[in-house]
Amino acid sequence: MSPELKKLGPRWVVFGILGLVVTVSLLFKRSTEFPGTPVVKGVYDAVEELPEGSPILISSDFDPGSEAELVPMMKAILAHCWRRHLRVIVMSLQSPNAMPLAQGIVEEAARDNGAKEDEDYALMNYKPGNLAAVLAIGQDWASQFPESYKHRKLADIPAMKGITRLGDFKYVLCITATTSVDSWLLGGVTKYGIKLGLGCTAVMATDYYPLLDTKQITGLLGGLAGAAQYESLVKLPGKATDGMPTQSLIHVTIILFIVAGNILHFAGKRRKPEAA
Amino acid sequence: MNLSVLTMLAQEGATPPPSVWQGHTAAVIGLWLAVGFTLAIYTFLYKDNPIFKFAEHVFVGASNGYLLWQAWHQTVKPNLVMPLWHALRAAVHHPAGPPQPNETLWLIVPAVLCLFLFLRFIPKAAWLSRWSFAFYVGASAGNMIPLQVVAYIFKPMDFHLRYGIVAHDADGHFAWLGSFNLLATLVGVIAVLIYFVFSIEHKGPVKAVARTGVIFLMIGFGASFGYTVMARQSLLIGKVQNLIDNARSEATEDAKSNAPPDNPPPNPHHATLWLLVAIIAAVVALEMAKKGREGGEVPQGAAPPQTG
C-alpha cells in the first residue's frame, strides 16, 4: 500500500465522507422522475391490464432487514392495485417475521388509499414449506389458509370471494428478499401456469433477469431503483424517489474513491523503485 | 413437555399476533431504542467496542425471541398443536369445541418426525433424526427436481431454439440490442459450460473458449457485486433517513399522515442528537477507561510503557 493511502488509512475517513454525502443529500431532497424501464413496466402493465375487482396475490417475503428497498416498492404496488379497484390478498412464504411487517405496510397503505380491510384487501398468514405450500394452495386454498391472519373465516371475507385455489388469482406478485421466488416459479408458473411478477432486492436482481426473456415473469422490480421507477409510473413519489438521488451521489463518491485509490496505488508503486 | 404445559400453550384465544402499533408509550420507547441501537451498531465503524457488542447481543437475542414467538403462534400452534389436540380429544370422545381446520390424527406422523429432530441431542437415539431429514430431503427433491428441470433447463432451451439469435421488436422489426443479448447469452452459456469441463485439457481452441467463459463469469460477478453494493447503499439511505427524521423536534408530516388517526406518531424531540452525544461520550469514556487500565497494568517481564 502506498504511504499516501496509509496516511488516508483510517477507514472512518472513508465512512465519514460517505455518511456526510448521504446525510447532506437527504437533507436537501430534490424530486426527480425516473422513467420506467420495460423491465419495470412489465409489472405495471400486468396490473394495469387486470379487470376491475380481480383478485391479486402478493407474497410479502421479506423482513425488516430489507425494508429500505422493498417497503417503498410494496406501497407503490398496493396503491396501484387499489386505484385499479383490485382485491389484494397478502400472504408470506418467507418467515414468521414477515407477516407482522406486511400488516403494518398494508394497513398504512390502506389508510392512504382509502382501502377497506376484508373488502379491498385481506391478510393471510405465513405459510412454511416453500414449494410444498405453493403446490398445496394450487390444489386447495382453504386447506392451507382456513382463516385470515386476524382469525376470520374465509367465508366472512368478501375479498376472498371466488378464490378456492391459486389459479383463481389473475396475477401473483412476489416481493422478496429470499429465494421464495423459486417456489412461486416452480409451483406457481411451471406447475399451475399463473402470471408472476417479481419485486426483489438489488442483490438478487441479476439472478432473475433470464426469466424475463423466457416470459416466466412479466416484469422485475430490482431494489430501490425498481421501486423508484414504479413510484414514477404510478405518480406517487415516495421514499424510493427520495433515496435515488442519494444513491447516485454515493455511486459517484465510490467511483471517485476507486479512482483516487488507484492513482495513489500506482503513484506509490512508481516511487518504490526510485527509493530502492 | 408435560400435558398441562401443552394444554396451556395450546389454549384457544391466546394472545393474537401483535400489531405494529402498540400504544403511544410503546411507540416513544420504540423510537428512542431504534435510534439508540442504530447509532450503537454504527460505533463499529470506529472499532469493535462494548457498546456495539451490547447492541449486537440485544439485537440477536430480541430477534430470535421474537421469531420464536411468531413461529409458535403462526406455524406450530395453528398447523400442528391445535388440530392435533382437537383430534386427540375427539378420538377419546371429549371434543374440545368446534372442529379445527385440518383436524386429523395423521398429524401424529409429522409431530413424531419433528420430535425426532431433537433426538440429535441424545447420542444413543440421534440416528432417528435421520428419518426426519430423509423424509424432508426426499419430499423436497421429489417435488423440486422435475419442476426445476422444466423451469431452468427446458424453458430457456425452448426459448433459444425457438428464437435463435434474432430478436424482433413489438412492430416486428429486427432488434439489434435484443439480438445482441440473445447472441451474448448463447455464447456465454456455451463458453462458461466449457470452462467448467475439466475432463478436456484447456489448450488450443478449448482454451480460447474457456477464457471467453471466464470473461463472461467476471462480467456476471461484477454485475452481481454492483447490485450488492447498491443494495447496501439502499439500507444505509433508509437508516440515515430514519436518523434524520428523528433528529427533528416533531414527527415528520409524512409520519403524521401515515399514522392512524387515533394514534398519532410520537415526537422524537431530537432523539438522534441526544443519543449521538450520549453514545459518543460513552465510547470516549470506555476508551479512556480501557487506556487507563492498560497503562496501569504492567505485564510480568515486560518493559514499562515509555512516556514522553
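Reading guide: rules and limits
Residues numbered from 1 in each chain as written. Chains lettered and ligands numbered in written order. Predicted model: local features only at pLDDT ≥ 70, side-chain atom pairs only at ≥ 80, totals over all residues. Heavy atoms only, no water. Contact = heavy atoms within 4.5 Å. Buried area = accessible area lost by both parts, 1.4 Å probe. Salt bridge = Lys/Arg side-chain N within 4 Å of Asp/Glu carboxyl O. Helix = DSSP H or I, 4+ residues; strand = E, 2+ residues; numbered from the N terminus. Pairing = 2+ DSSP bridges. Axes fitted to C-alpha atoms, helices over the stretch in contact; angles between N-to-C directions. Buried < 20%, exposed > 50% of the residue type's maximum accessible area, 1.4 Å probe, protein only. Right-handed = clockwise from strand over helix to strand, strands pointing away. Core = buried A, V, L, I, M, F, W, Y, C linked by side-chain atoms within 4.5 Å.

### Quick look at the interface of chain B and chain A
- Facing the 53 residues of chain B at the interface are 57 residues of chain A.
- A combined buried area of about 4,600 Å² lies between chain B and chain A, and 63% of that area is made up of carbon and sulfur atoms.
- Connecting chain B to chain A are zero salt bridges.
- Every element with two or more residues in the side of chain B that touches chain A is listed here: α3 (50–91), α5 (129–163), α7 (205–245) and α8 (253–258) of chain B.
- Ranked by residue count, the leading element in the side of chain B that touches chain A is α7 of chain B, at 18 residues.

### Re the sheet that holds strand β1 (residues 55–61) of chain A
All names here are of chain A.
- Pairing in this open sheet of six strands is parallel, and the strands run β3-β2-β1-β4-β5-β6 from one edge to the other. Of all the strands in the sheet, the pair left with one neighbour each is β3 (121–126) and β6 (220–222). With direction set aside, neighbouring strand axes in the sheet form an average angle of 15°.
- Pairing of strand β4 (residues 171–176) with strand β5 (residues 196–200), which is carried by five bridges, proceeds in the parallel orientation. Across the sheet, residue Cys-174 finds its bridge partner in β5, namely Leu-198.
- Each of β1, β2 (87–92), β3, β4, β5 and β6 touches helix α4 (residues 67–83); the most contacted strand, β4, lies at about 160° to it.
- Against the sheet, helix α5 (residues 98–113) contacts β1, β2 and β3, and its axis sits at roughly 170° relative to β3.

### Some thoughts on the pairing of β5 of chain A
Residues and elements named next belong to chain A.
- Burial analysis of β5 places five of its five residues in the buried class, the great majority of the element.
- Neither face of β5 is open: one carries Leu-196, Leu-198 and Cys-200, the other Gly-197 and Gly-199, and all of them are buried.
- With helix α8 (residues 180–192) bridging β4 and its parallel neighbour β5, the resulting β-α-β unit is right-handed.
- Summarising the sheet, β5 and β6 pair through three bridges and their orientation is parallel. Bridging from a neighbouring strand, Cys-200 pairs with Gly-222 of β6.

### Here we look at the nonpolar core
Residue and element names in this part refer to chain A.
- Core analysis: the biggest nonpolar cluster contains 57 residues, and Met-74 and Tyr-230 have the highest contact counts within it.
- Among the elements that line this core, the one with the most residues is α4, at nine residues.
- Discounting chain neighbours no more than four positions away, the residues touching Met-74 are Ile-58, Ser-60, Phe-62, Val-90, Ala-102, Ile-105, Val-106 and Ile-175.

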